[in-house]
Amino acid sequence: MNAVLTAKDFATDQEVRWCPGCGDYAILRCMQKTLAEAGAQPENTVFVSGIGCSSRFPYYMNTYGFHTIHGRAPAIATGLKLSNPDLDVWVITGDGDGLSIGGNHLLHALRRNVGLKILLFNNEIYGLTKGQYSPTSTHGTRSPSTPGGSIDQPLSPCQFALGAGARFIARGIDTDNKHLGSVFLEANRYTGAAFVEIYQNCPVYNDAVFASFTDRQKAAETQIHVRHGEPLLFGKEADKGLRVNPDSLTLEVVNCSGPDDARGSVKIHDETNMALAQMLIGLHGPDFPVALGVIYRTDGPAFEHGQTIHHPPPLDSTAGVVQVMRDVRLWKVPPPD
Amino acid sequence: MNAVLTAKDFATDQEVRWCPGCGDYAILRCMQKTLAEAGAQPENTVFVSGIGCSSRFPYYMNTYGFHTIHGRAPAIATGLKLSNPDLDVWVITGDGDGLSIGGNHLLHALRRNVGLKILLFNNEIYGLTKGQYSPTSTHGTRSPSTPGGSIDQPLSPCQFALGAGARFIARGIDTDNKHLGSVFLEANRYTGAAFVEIYQNCPVYNDAVFASFTDRQKAAETQIHVRHGEPLLFGKEADKGLRVNPDSLTLEVVNCSGPDDARGSVKIHDETNMALAQMLIGLHGPDFPVALGVIYRTDGPAFEHGQTIHHPPPLDSTAGVVQVMRDVRLWKVPPPD
Amino acid sequence: MNEGASIVVRFAGDSGDGVQLLGSQFAASTSESGNDFATFPDFPAEIRAPVGTTFGVSAFQINLGSRRIVTAGDQPDVLIAFNPAALKVSLPLLPAGALILINISAFTKRNFQKAGMVPDFISSGALDGFQVIQLEMSTLTAAAVADSGLGRSDALRSKNFWALGVVLWMFSHPKSGVESWIEAKFSSNDAVRQANLAALNAGHAFAETAELPAALPRFDLPPAPYPPGEYRTVTGAQAMSLGLAAAAQLAQRRMIFCSYPITPASPILHYLSRVPKLGVTTFQAEDEIAAICAAIGASYGGALGVTSSSGPGIALKTEAMGLAITTELPLLIINSQRGGPSTGLPTKTEQSDLYQAIYGRNADAPIPVIAVANPGDSFHSAIEAVRVAVRHMTPVILLTDGYLNNAAWPWEIPSIAHIEPILTSTEIPIAGEDSVSHLAYRRDADTLARPWITPGMDGLMYRVGGLEKDFETGDISYDPDNHQVMTELRAEKIQSIQRLIADQVPEIGAPGESLAVVGWGSTYGAIWRAVTVARMEGHSVAHIQLRWLNPLPSNLGELLASYGHVLVPELNMGQLATLLRDKLNLDPIQLNKVSGQPLKIAEVLDRIRTLSSAKTAA
Amino acid sequence: MNEGASIVVRFAGDSGDGVQLLGSQFAASTSESGNDFATFPDFPAEIRAPVGTTFGVSAFQINLGSRRIVTAGDQPDVLIAFNPAALKVSLPLLPAGALILINISAFTKRNFQKAGMVPDFISSGALDGFQVIQLEMSTLTAAAVADSGLGRSDALRSKNFWALGVVLWMFSHPKSGVESWIEAKFSSNDAVRQANLAALNAGHAFAETAELPAALPRFDLPPAPYPPGEYRTVTGAQAMSLGLAAAAQLAQRRMIFCSYPITPASPILHYLSRVPKLGVTTFQAEDEIAAICAAIGASYGGALGVTSSSGPGIALKTEAMGLAITTELPLLIINSQRGGPSTGLPTKTEQSDLYQAIYGRNADAPIPVIAVANPGDSFHSAIEAVRVAVRHMTPVILLTDGYLNNAAWPWEIPSIAHIEPILTSTEIPIAGEDSVSHLAYRRDADTLARPWITPGMDGLMYRVGGLEKDFETGDISYDPDNHQVMTELRAEKIQSIQRLIADQVPEIGAPGESLAVVGWGSTYGAIWRAVTVARMEGHSVAHIQLRWLNPLPSNLGELLASYGHVLVPELNMGQLATLLRDKLNLDPIQLNKVSGQPLKIAEVLDRIRTLSSAKTAA
Ligand SMILES: Cc1ncc(C[n+]2csc(CCOP(=O)(O)OP(=O)(O)O)c2C)c(N)n1
Ligand SMILES: Cc1ncc(C[n+]2csc(CCOP(=O)(O)OP(=O)(O)O)c2C)c(N)n1
Ligand code: SF4
Ligand code: SF4
Ligand SMILES: [Mg+2]
Ligand SMILES: [Mg+2]
């Protein structure tokens, strides 16, 4: 057993090279703290990333770390997990890395339910390559490659994950350490593929795109923290709730205070309900709060424990090979007499 | 104007090289017939495919055709559409071509809403490479690469499309020509990316995987043909319906005949409702019918008509280039006197 | 020296005629009777085709003899054609005078039509000059199996065994082996078992007793002079799989084989998946990029990562190869070459991915390259490739091809116990230190490899990635001098493998002859045979077979310089020739063929003769 | 002949110090005063860094002179350092005696610490042997702009203009151009405009009047002997974009530029996107594979498909290149090379993707390859590449690099009216026929190109794909002979481009000298200058610059054979050397550098001198 480790023990001696004010700093600190709290073993923990500002993350974690190539981290992490299912493998990716070039690998890692904790740092921009729009950039984003405004419809990372068959979908905010840390802990506990979208501010190329709901002053009104089995309430005084309109199959905000308190109609969060997950993921301002926390979770076997995948060879003997080699019609040519 | 064309005019002189009994034959005939009926112009119609049995399709259509490389048809078709938005471009892909190697391109073509009609021939197997399991194969599929049964969770093509932001999602069955033809017509009319999943039987490597609901004898009970604005009824006598359980947010089968006819509670199909689409896509036997027809459709601008994308240059003049070239500080070096 | 004879037999029929089974059973009986042999299964192009069409023809060729056999033969001496399409497709391959047995029952008007042939083809003169024997195979099979209780169409499926009976008689092969195989294979299906046995015996009896217009010839092939030992039949795909599994055991590492299906690489994936006893974990990835990446991840985790594909798939892997190079992780990349470019000719054979293997990456990115020469050699090449990968901490490319993967040869079963264990880089004592350094970048002085430190090892946590690394610390470095050092290091590390590689010795002949014929890969057999024959004709010619293409053996330049001329036959436009010009500054004579077909002995032999006579004339 | 002098100036500071702007304004004033120049913007590595750190240093180097200037200079004669980190990073580049101007206001304890320097660095002896002038740039700027109404931190942002004022005075450049640029640029922001103007004037006045411990030197550079004409400054990325747009107009086709962002290729994507007047449609694809595929789709549709990336991205495109080859579609693939392998050194310069361009694909898959020599040359190379692509119906690879894309040079504005129109394959009359055949595979006898038939054309519908095609009909063909014919055709088609290519003539010197220095790409300047100087020193040496790398000009073998020796300097481990050995059977002397830095004049010159003296000695 290791001595009890602190957040500092999870930091490396490398100079952190993100821009001042980048949301990545907060996420990094949160991760270092959470792993210490969770009693993670650095030697059994691996961070695998692609390419992007966010993907520099592994250099700053005093665990094993692999800064791979653009978009391929989920595939590399899958191989890693197959080779050693006992490792805690975190995948760090960006909206470009994970959803543009890497969309296919993310799709299949989620579909297969590989035991990876996948954190997608969504800043709705390509930070590292100096600010081109990304698949999550809102329509009309002006960027070096779209000076007139982008014309693409953005992807919702969590809707994508749901469509991919992900069984654990959660959301957090870079600077909300307490909540994000709790999401990390849930992801850490999950045995299959845990997908976490983190709203991450890029002050240099896409400043404040999430400010409308990340602003702490307005957080209570613009965010809803979902918890399984608890009613979907939000607001400073928990004075608002979400209920399902059974005709339109959409969520509606209802008042949960005063004379016409509609608390009774508020939906209880059921993290195993796919339709509810879809509705929650789709909520956005100004009329709705943004849903945070574990939005969807169902159990399912992790890929790396699949029967046919995981059959470690008897390392100490070549008997199996010899047997297979000889398990056909053989013939002998005797030495000449 | 062309003379009126028949299905035959859309056939080429190439020998069709699918296995006897392959579902692809029926789809081909259906397409030839539908295009003739729709009055399509062969010279303005292009079939772009990847690689796979299904992707041989273009060779048999007397239109323009491009049999490209594995998984890349949506990307190639996107470029084609950008170069000439007036063309009718059909993309032919398979469950391996479109969802395994080509998942990323399909994702982004759908997300961008490129004006393509994308037909995914889903036989839940890799036909061309002799029968390995595919991302849509059911759990436990025995195949040359999974002799012990596959351990992957399969992808649902339509859930994937929904997560990708597709705005037109439909389903048909290879041998149900009449219905499939109507789906083709709807796809043809749609201006954005129209995604159609076709259940296609591969008698050689994955025979009868859809038989439980494609069997004509049982079709009425095992299929539901959805139509916008009409109640979700099925059964030989339209004696069953689907209603929404507002608590569980799932669909339920209700009886629509006899004394306790619950017709009144049956959901009216709303093709613009995403939650309903998700529920319909998720239905499967033995307890539910499989949903066919246009499950989801919302309007949205086609990518190729985006303002910044589509600005054809003045082909007859280099004035623009000259102007840009000179639109900076210039200096002259006079000839020596 | 009388070197013995050989006969080339080709079975051809519709996909459903059971030709591959027939061929492999005939190969088995061949082995039992002590002849050497080589086979060439010639599958129809990738798609299943309608019955009776020319593109649906499946064929199996075998060359068997009483001398060493190394190719499936240039031209069939005997053709067994099950239907008109098979006859049409095979005819151009035959030399004048060849013997043709046809299943005349299937030569119906309808079948002629399906194959695009005139209905009177047989009497049209097209078969003049051949020795044609018409056999009512279907009818006679139906009669023979009438008692089995099978319906007519099932009964007819036994006709391959009927034909086998005939052929066994022609070659005086024992029936017993085939019989016991049928007994075992169909033990749970009485009717089929009996039908097949009955057909086999009927065919055999028919051959023995039949009154035919032309007598059925018999061939007398005494046993071939095999070296003593224990043998089996093996395809390249099987031998490759066995070699991979053996290598994993020898290195005492798990092996993770990551692949996306593609012709003609899939047989390796299938075999490893089918035989869990080999202990190799297989992973069918979503695409080729994911496959190599998963393999890299596996190697990073301490297992042996292997990926396998063919040209177009390998192209997709080239970016990730760069990552494996710069992070210095062991990795095996198997390329089962096929005809190109692009989708090209997926089922046909070509050796045209050598450029890609040697030069096909961005930046200065050297990778060792090994080529397989024959099916059984796949076993040894796989082990050699793994040995180098884990010793030098580098990806290794192993070149094979569709022909090798599918062809079956007799193979002397190697003794794994006699193969040296495979040392991984952590076990190779690092010069000047007692144990693995805590630094993942402390190098072995000899191999220049860094140690294989893997997640899970306590206290050795390190970070690695695709950016340039400091030579000492492994930290990211943009320093100009360091980049120069690292670039040179990567080159030297691969070059240093030369020290492991045995000196090149000629397969046949000695240094200093008039001509060296230099080959690589699956043209081995054709070159070997051509050189053998040429030497019997009195030509001074040697055969040099390159297993190692990067680095080349250190003595190769000197060796090749000793010959009057160097001839390089290849199934491409001259890729090894480029390599020899580049690395040895030697300009060989080229013999290039890019038709999707194996190289023929005669093609090499002709060129040897021409070169010899030109020299004599000069 | 007195050839005139040159001075190399380097500005270095924090990313926020406005060094790039300062540099480009100084380049502008340089052009106005008639000097020739070349610039080298040296950006920090890809990530933004904390203020004051060494890895956050941004630099801009300019070489200006009264003679022809072709590189940004080996070593800065003058350094302007805005903070300690900038000084630390630049110092190793300086020759003894160099002049260093430092913004002493920023040399605080805190800033020394951030840069990892001792606080008494300036007096530590580290600057011995240099001529150091300390200027209170920040303080003096603040004073000068006090009236502007800007806050202190905004006011300080004008210090780059203060420094520019000083430097303009040192070089006797007119202030007027910069002044009017400021007027125009900041016309909508009075305070900033006035602050910048005030700072500029204050710096200038300070230089003129200051009492300094060491006097501020002045440089006198008379105008360079430019050929008469109209000039502008252009970067490689701009010239490439202009060339692409011009080519599209000359061919009368739409152009679709499909790219996925990557350093250092992105500037081309950005420029084309920013300037819609160029009429080029840009498409940011989801990845590099999609980018090339979309470009292929665009070309299939009749537009000019272009894709652009750098090494790792190009690696991903190689499979699709095969499709463009076999379907014979025009396509431009631009590779802005960078340091590798893998992610490597993304912002650094290297020429190491030549192997990849020439040999880097599966199968026999030839593609024409052109290399850009200097920023302005990008324009002409782009046009040449498009011309070949549409004339021969083939993908073409265009090699440039990060240095060329970002470096700015004076450029004589070309007259587009004088450029020959670009004929596409449908317009090139097909020999022996009056019009385009209805067959998409009827070839032009000269170019071997098939016609560019595109969807939308009535009655010409055809199917095309990646499988091998019949030479006559274009239908799928598995025929062996046909594959041979098609493989040879693909090779000949590319080889036939030789007929279009001008004979190679030396840049400098004549055939038959003692030594030829053969270069390609961005090493042009260093080689040109080194050869020029060597000739002035009396050496018999020529400079040969290859634009065409595949095919090589037809006379190249003969030309190179005329020299005593051939020296090939490259920023890689010897890739052109391989090519010359392979194609010309000529073994050159190599000069290889792989440090991520541009080649230096001195490095080439030294080698020329050594080779000359060795020869003299021999
Ligand atoms: C194969 C390849 N293509 C492109 C790039 C260039 N590239 C590096 S990071 C990146 C996008 C980064 O965006 P994102 O993933 O959102 O990360 P962020 O920087 O915003 O954290 C791109 C395009 C690359 N390194 N490799
Ligand atoms: C780059 C590449 N990888 C792999 C292949 C081999 N391959 C061809 S088709 C195919 C899968 C086909 O499956 P699917 O798309 O479902 O089509 P189907 O044959 O079932 O219609 C594969 C793996 C290839 N041609 N190219
Ligand atoms: S560019 Fe944006 S995302 Fe990247 S480090 Fe800077 S602030 Fe963070
Ligand atoms: S393998 Fe299956 S999908 Fe392919 S042609 Fe045959 S039946 Fe159809
Ligand atoms: Mg981002
Ligand atoms: Mg399929």
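Residues numbered from 1 in each chain as written. Chains lettered and ligands numbered in written order. Predicted model: local features only at pLDDT ≥ 70, side-chain atom pairs only at ≥ 80, totals over all residues. Heavy atoms only, no water.

What the three strands build is an open sheet, ordered 12(B)-7(D)-14(D); its pairing is antiparallel. Each edge of the open sheet carries a strand with a single partner, namely strand 12 (331-333) of chain B together with strand 14 (408-412) of chain D. Taken over all neighbouring pairs, the strand axes of this sheet differ in orientation by 40° on average, direction set aside. (Pairing = 2+ DSSP bridges. Helix = DSSP H or I, 4+ residues; strand = E, 2+ residues; numbered from the N terminus. Axes fitted to C-alpha atoms, helices over the stretch in contact; angles between N-to-C directions.)

A separate point is the side chain of Lys348 of chain D. Take Lys348 of chain D: it is sitting in the loop between strand 11 (331-337) and helix 13 (354-359). Sequence-distant contacts of Lys348 of chain D, that is, excluding residues within four places in its chain, are made with Asp42, Gln337, Arg338, Gly339, Gly596 and Gln597 of chain D. (Contact = heavy atoms within 4.5 Å.)

Below, the discussion takes up the coordination of the magnesium ion (ligand 6). Around a metal, the idealised angle for a tetrahedral arrangement of four donor atoms is 109.5 degrees; for an octahedral arrangement of six donor atoms it is 90 or 180 degrees. Residues and elements named next belong to chain B. Those protein atoms acting as donors to the magnesium ion (ligand 6) are Asp95 (OD), Asn123 (OD1) and Ile125 (O), and they sit at 2.0 to 2.1 Å. All donor residues of the magnesium ion (ligand 6) come from one chain, and their arrangement in sequence is D-x27-N-x1-I. Taken together, the residues Asp95 in helix 3 (residues 95-101) and Asn123 in the loop between strand 4 (117-122) and helix 5 (157-163) connect sequence positions 28 residues apart. Overall, Asp95 belongs to the buried group, its relative accessible area being 2%. (Donors = N, O, S within 2.8 Å, 3.2 Å for Na, K, Ca; no water. Buried < 20%, exposed > 50% of the residue type's maximum accessible area, 1.4 Å probe, protein only.)

If you check the shell around ligand 2, you find 21 residues, and the closest are Cys53, Ser54, Asp95 and Asp97 of chain B together with Glu288 of chain C. The site occupied by ligand 2 is bordered by residues of chains B, C and D. Contact distances for ligand 2 include 2.6 Å between an oxygen atom and a side-chain N or O atom of Asp95 of chain B. About the coverage of ligand 2: the protein hides 98% of its 590 Å² of free accessible area. The dominant element in the shell around ligand 2, judged by the number of residues it contributes, is helix 3 of chain B, at three residues. (Near = heavy atom within 4 Å. Polar contact = N/O pair within 3.5 Å; in protein donor to acceptor, adjacent residues only side chain to side chain. Areas by Shrake-Rupley, 256 points an atom, 1.4 Å probe, with all protein chains shown as cover.)

What follows covers the sheet that holds strand 4 of chain B. The nine strands lie next to each other as 7(B)-11(B)-5(B)-6(B)-4(B)-3(B)-1(B)-2(B)-15(D), forming an open sheet whose pairing is mixed. Each edge of the open sheet carries a strand with a single partner, namely strand 7 (223-226) of chain B together with strand 15 (463-465) of chain D. Mean inter-strand twist for the sheet, computed between neighbouring axes without regard to direction, equals 20°. Sheet topology places strand 2 (residues 64-67) of chain B next to strand 15 of chain D; three bridges connect them, and they run parallel. Within strand 15 of chain D, the residue paired with His67 of chain B across the bridge is Gly465 of chain D. Contacts from helix 11 (residues 288-300) of chain D reach strand 1 (45-49) and strand 2 of chain B together with strand 15 of chain D within the one sheet, and its direction differs from that of strand 2 of chain B by about 155°.

A few words on the interface of chain C and chain A. Across the contact, 78 residues belong to chain C and 60 residues belong to chain A. Taking both partners together, chain C and chain A bury about 5600 Å²; carbon and sulfur atoms supply 63% of that area. The largest contributions to the chain C side of the interface with chain A come from Gln249, Arg254 and Arg463 of chain C, which together make up 13% of the buried area. Joining chain C to chain A, the criterion identifies three salt bridges. A salt bridge links Arg112 of chain A to Glu286 of chain C; the nearest nitrogen and oxygen atoms lie 2.9 Å apart. Inspection of the region where chain C meets chain A yields 23 residue pairs in polar contact (both at pLDDT 80 or more). Sort the elements by how many residues they give to the side of chain C that touches chain A and helix 11 (residues 288-300) of chain C lands first, with eight residues. Each residue belonging to the side of chain C that touches chain A can be placed in one class, and the counts come to 46 nonpolar, 20 polar and twelve charged. (Buried area = accessible area lost by both parts, 1.4 Å probe. Salt bridge = Lys/Arg side-chain N within 4 Å of Asp/Glu carboxyl O. Nonpolar A, V, L, I, M, F, W, Y, C, P; charged D, E, K, R; others polar.)

With that out of the way, let us pick up the packing of helix 10 (residues 319-326) of chain B against helix 9 (residues 236-251) of chain D. Between helix 10 of chain B and helix 9 of chain D, whose axes approach to 9 Å, the crossing angle comes to 160°. Regarding the angle of helix 10 of chain B to helix 9 of chain D, the classification is roughly antiparallel. As helix 10 of chain B packs across helix 9 of chain D, the resulting crossing turns out to be left-handed. Each of Val321, Val324 and Met325 of chain B in helix 10 of chain B lies in contact with helix 9 of chain D, whose residues at this interface are Leu242, Ala245, Ala246 and Gln249 of chain D. Its residues placed into classes, the contact of helix 10 of chain B with helix 9 of chain D shows six nonpolar, one polar and no charged. (Parallel < 35°, antiparallel > 145°, perpendicular 65-115°, else oblique. Left-handed = near helix turned anticlockwise from the far one by under 90°.)

Taken together, 21 residues are adjacent to ligand 1, and Cys53, Ser54, Asp95 and Asp97 of chain A together with Glu288 of chain D come closest. The separation between an oxygen atom of ligand 1 and a polar main-chain atom of Ile125 of chain A is 3.0 Å. At a separation of 2.9 Å, an oxygen atom of ligand 1 approaches a polar backbone atom of Leu128 of chain A. Protein contact buries 98% of the 590 Å² of open area that ligand 1 shows by itself. Per-element accounting of the shell around ligand 1 gives the leading share, three residues, to helix 3 (residues 95-101) of chain A. When its residues are assigned to classes, the shell around ligand 1 shows nine nonpolar, eight polar and four charged.

Right, let's get into the confidence of the model for chain C. Interpretation of this model should avoid reading the predicted coordinates in detail wherever pLDDT is low. Residue and element names in this part refer to chain C. For chain C, the average pLDDT comes to 93, and 96% of its residues sit at 70 or higher. For residues 431-437, every residue scores under 50 in pLDDT, and the model assigns this stretch nine contacts once sequence neighbours within four places are set aside. The complex prediction reports pTM at 0.97, with the ipTM value standing at 0.97. (pLDDT = per-residue confidence, 0-100.)

Residue and element names in this part refer to chain C. Relative orientation of the contacting elements helix 6 (residues 159-171) and helix 8 (residues 190-209) amounts to 40°, with a least axis distance of 6 Å. It follows from the interaxial angle that helix 6 and helix 8 lie oblique. The interaxial crossing formed by helix 6 with helix 8 has right-handed handedness. Seen from helix 6, the contacting residues are Phe161, Trp162, Leu164, Gly165, Val166, Leu168 and Trp169; seen from helix 8, they are Asn196, Ala199, Leu200, Ala202, Gly203, His204, Phe206, Ala207 and Glu208. Residue composition of the contact of helix 6 with helix 8, grouped by class: eleven nonpolar, four polar and one charged.

Let us look at the pattern of salt bridges. Residue and element names in this part refer to chain C. Summed over the entire model, instances satisfying the criterion amount to 68 salt bridges over all chains. A salt bridge links Asp377 to Arg547, with the nearest nitrogen and oxygen atoms 2.3 Å apart. Here the residue Asp377 occupies a position in helix 14 (residues 377-392), and Arg547 occupies one in the loop between strand 17 (541-546) and strand 18 (548-550), the gap between them amounting to 170 residues. The class of Asp377 is buried, set by a relative accessible area of 12%. Between Arg609 and Glu537 there is a salt bridge, with its nearest N and O atoms 2.6 Å apart. One end of the pair, Arg609, is in helix 20 (residues 601-617); the other, Glu537, is in the loop between helix 17 (524-536) and strand 17, with 72 residues separating them in the sequence.

This brings us to the interface of chain D and chain B. Contact residues are listed per partner, giving 77 residues for chain D and 60 residues for chain B. Of the roughly 5600 Å² buried where chain D meets chain B, counting both sides, 63% is carbon and sulfur surface. The three residues of chain D that bury the most area against chain B are Gln249, Arg254 and Arg463 of chain D, which together make up 13% of that side's buried surface. Connecting chain D to chain B are three salt bridges. The interface formed by chain D and chain B includes 23 residue pairs in polar contact (both at pLDDT 80 or more). By residue number, the principal contributor to the side of chain D that touches chain B is helix 11 of chain D, which donates eight residues. A class-by-class count of the residues in the side of chain D that touches chain B yields 46 nonpolar, 19 polar and twelve charged. As defined by bridge partners, strand 12 of chain B adjoins strand 7 (residues 229-235) of chain D across three bridges and the pair is classed as antiparallel. Across the sheet, the residue bridging to Lys332 of chain B is Glu230 of chain D, located in strand 7 of chain D.

Time to look at the environment of His284 of chain B. Residue and element names in this part refer to chain B. Considering the arrangement of structural elements, one finds His284 in the loop between helix 9 (274-282) and strand 11 (290-297). The spacing of His284 and Ile51 is 233 residues in sequence and 29 Å in space, taken between C-alpha atoms. Setting aside residues no more than four positions away along its own chain, His284 makes contact with Pro289 and Val290.

So, about the packing of aromatic side chains. The way to describe two aromatic rings as a pair is by their centre distance and the angle between their planes. As enumerated under the stated definition, the model contains 59 aromatic pairs over all chains in all. Ring geometry for Tyr64 of chain A and Tyr462 of chain C: centres 6.0 Å apart, planes at 85°, overall edge-to-face. With Tyr64 of chain A in strand 2 (residues 64-67) and Tyr462 of chain C in the loop between strand 14 (408-412) and strand 15 (463-465), this pair bridges two chains. Ring pairing ties together the aromatic residues Trp18, Tyr25, Phe47, Phe57, Tyr60, Trp90, Phe121 and Phe184 of chain A, which thus form one cluster. The side chain of Lys117 of chain B reaches across the aromatic face of Trp90 of chain B, ending 5.8 Å from its centre. Lying over the aromatic face of Tyr441 of chain C, Arg450 of chain C brings its terminal NZ or CZ to 5.0 Å of the ring centre. (Phe/Tyr/Trp six-rings, centres within 6.5 Å; stacked < 30°, edge-to-face > 60°. Lys NZ or Arg CZ within 6 Å of the ring centre and 35° of its normal.)

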